[in-house]
Amino acid sequence: MRKPKLIVVGRFDSNWSVGNVSRGLLQGLSALDDIYDLAFIGVQYEVILDSYFSFTFEKDATGIIPKNFKQLEALPITNEDVTILFYGYPVVGIGFMEYFRGITNAKITALGYFICESSILPETWITGLNVFDHIFVPSGFVSGALRGSAKGYHETIPDITVAMHGIDDVFIDTPYTKFKRQEPAKFLHITGARDFPDRKGSIDLINAMGKLDIGATLTIRTMPLSDNHILVRKANLVNTLLKRKVINFDYSTEPMTAEETYAYYRKGWTALVQPSRAEAFGLCPVEALCCGLPVIATECSGHSAWTWAIETHSNMHSSFICVHSFLPGPISVQGIRNGVAPTIHFNSLITAFKNAKYLSFNNDKDFKKRFRWKHTLEPIVNYLREKGQSR
């Protein structure tokens, strides 16, 4: 009997692969090859003005596809049973499914694995979600955003299940070696050049570094784009701190493998600093912690999906400093772009920098195993297995 087809649609994360979810999805779903013919389609997309988006198919340049997944470079026009699992923003998923249904007569089961960074979503991100049979999200924050926004627009949406993001097997299985503490402190911050306007707290960090007097340096890993929000909005301060060698930029031009990412986190940093204002999950801090690198971060939005695990593992308490922030109210996509977002308690950030010397480089195997993709994706795997076996 012919197997039904499962097509995972995601990004190869060609911007950079720190926090590559597509690879993790494929790792976690590989166990379904006894029920499904597995395939993957890589897309690159951009959301414009909350409703218009464009996407293009792309080839795998990162070597992330397991052997039991076949890469497709276009959507199949077939009369087979097809299950689509789309990873990305809701508005793109809605448009993608409308496009697919327009070119095929296949019997489609549509699943969404959605992310968002705001608690109030545009109506275009909600209307049309009923094309999906079930929705999965990486955090309770995203679930609340979808449910709350749907209620506000009087829309009915499919059932939602939380399936956390995980970390690549490399971060769990690579033999751990101890860190050597660097003096003076060397901090790492990871951001995308188009975060609106300071979703990762990058400007807060630059301001804080300008007021520190402990000889510390901050490396900002970002993309070499001319519209880099950090350079544009804080050009004078950035240039001053660059001349003083307080901050520097490590531009990301090529995707990194999981092994290269693991090695990058272990380059001798004092801590990863991610005082984000809005996150769907916040994978980079989890990756860092599982490499043994301490983390300074807020407990905002999606970060709360993994900070609970620190509380339940006493060995990890000394590896994490929480930077306090407060919400001015519900956060919308437009609000984030206009600068209305959680406010970082600036003194808390300064204090965290000064207390970083007390952070510990811990290796907690049980903590790491919680984030193995095959465990975090169990809700999706179980759903697909049940549906596949019933056909």
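Residues numbered from 1 in each chain as written. Predicted model: local features only at pLDDT ≥ 70, side-chain atom pairs only at ≥ 80, totals over all residues. Heavy atoms only, no water.

**Remarks on the packing of helix α8 (residues 258-265) against helix α9 (residues 283-291)**
Angle between the axes and distance between the axes are the two parameters that describe a pair of packed helices.
Piece 1. Where α8 contacts α9, the axes come no closer than 9 Å and their chain directions differ by 75°. As far as their axial angle goes, α9 and α8 are roughly perpendicular. When α8 is examined against α9, the residues T261, Y262 and Y265 are found in contact with a partner set consisting of C284, E287, A288 and C291.
Piece 2. Residue composition of the contact of α8 with α9, by class: five nonpolar, one polar and one charged. (Axes fitted to C-alpha atoms, helices over the stretch in contact; angles between N-to-C directions. Helix = DSSP H or I, 4+ residues; strand = E, 2+ residues; numbered from the N terminus. Parallel < 35°, antiparallel > 145°, perpendicular 65-115°, else oblique. Contact = heavy atoms within 4.5 Å. Nonpolar A, V, L, I, M, F, W, Y, C, P; charged D, E, K, R; others polar.)

**Quick notes on the packing of aromatic side chains**
Piece 1. Summed over the entire model, instances satisfying the criterion amount to 11 aromatic pairs.
Piece 2. Aromatic side chains Y87 and Y113 sit 5.6 Å apart centroid to centroid with 50° between the ring planes, which places their arrangement in the tilted category. Of the two residues, Y87 is situated in strand β5 (residues 81-88) and Y113 in strand β6 (residues 107-114); the sequence distance between them amounts to 26 residues.
Piece 3. Ring centres 5.7 Å apart and planes at 80° place the aromatic pair F136 and Y383 in the edge-to-face group. Residue F136 is located in strand β7 (residues 134-137), and its partner Y383 is located in helix α15 (residues 378-389); the two are separated by 247 residues in the primary sequence. Across the pair, Y383 and F136 agree in class, each one buried.
Piece 4. Among the aromatic residues, ring-to-ring pairing joins F171, Y262 and Y265 into one connected group. (Phe/Tyr/Trp six-rings, centres within 6.5 Å; stacked < 30°, edge-to-face > 60°. Buried < 20%, exposed > 50% of the residue type's maximum accessible area, 1.4 Å probe, protein only.)

**Observations concerning the confidence of the model for the protein chain**
Piece 1. Residues with a pLDDT of 70 or more make up 83% of the protein chain, whose mean pLDDT is 83.
Piece 2. Below pLDDT 50 for its whole length, residues 326-342 participates in 36 contacts with residues either more than four positions away or in separate chains. (pLDDT = per-residue confidence, 0-100.)

**Side note on the pattern of salt bridges**
When their charged atoms lie close together, side chains carrying opposite charge are able to pair.
Piece 1. Going through the model one piece at a time under the given rule, you end up with eight salt bridges.
Piece 2. Here R23 and D168 are joined by a salt bridge, their closest N and O atoms 2.5 Å apart. One end of the pair, R23, is in helix α1 (residues 21-29); the other, D168, is in the loop between β8 (160-162) and α4 (169-173), with 145 residues separating them in the sequence.
Piece 3. You can call R23 buried: its relative accessible area is 16%.
Piece 4. Looking at D168, the relative accessible area reads 7%, which means it is buried.
Piece 5. By sharing partners, the salt bridges in this structure join D169, D173 and R372 into a single network. (Salt bridge = Lys/Arg side-chain N within 4 Å of Asp/Glu carboxyl O.)

**Here's the deal with the pairing of β6**
Piece 1. In terms of burial, β6 is a largely internal element, seven of the eight residues being buried.
Piece 2. Where β5 and β6 come together, eight bridges link them in parallel fashion. For T83, the partnering residue across the bridge sits in β6 and is T109.
Piece 3. Crossover connection from β5 via helix α2 (residues 90-103) to parallel β6: handedness right-handed.
Piece 4. Sheet topology places β6 next to β7; three bridges connect them, and they run parallel. Paired with L111 across the two strands is H134, which belongs to β7. (Pairing = 2+ DSSP bridges. Right-handed = clockwise from strand over helix to strand, strands pointing away.)

**Describing the sheet that holds strand β11 (residues 247-251)**
Piece 1. The parallel open sheet is built from six strands, whose spatial order is β11-β10-β9-β12-β13-β14. Since the sheet does not close on itself, it has two edges, and those belong to β11 and β14 (320-323), each with one partner. Averaged over all pairs of adjacent strands, the angle between their axes in this sheet comes to 25°, without regard to strand direction.
Piece 2. Relative to β11, strand β10 (residues 217-222) runs parallel, the two sharing five bridges. Bridging across to β11, I220 finds its partner in F249.
Piece 3. Lying on the sheet, helix α12 (residues 346-355) is in contact with β9 (186-190), β12 (271-274), β13 (295-298) and β14; it crosses β14 at an angle near 165°.

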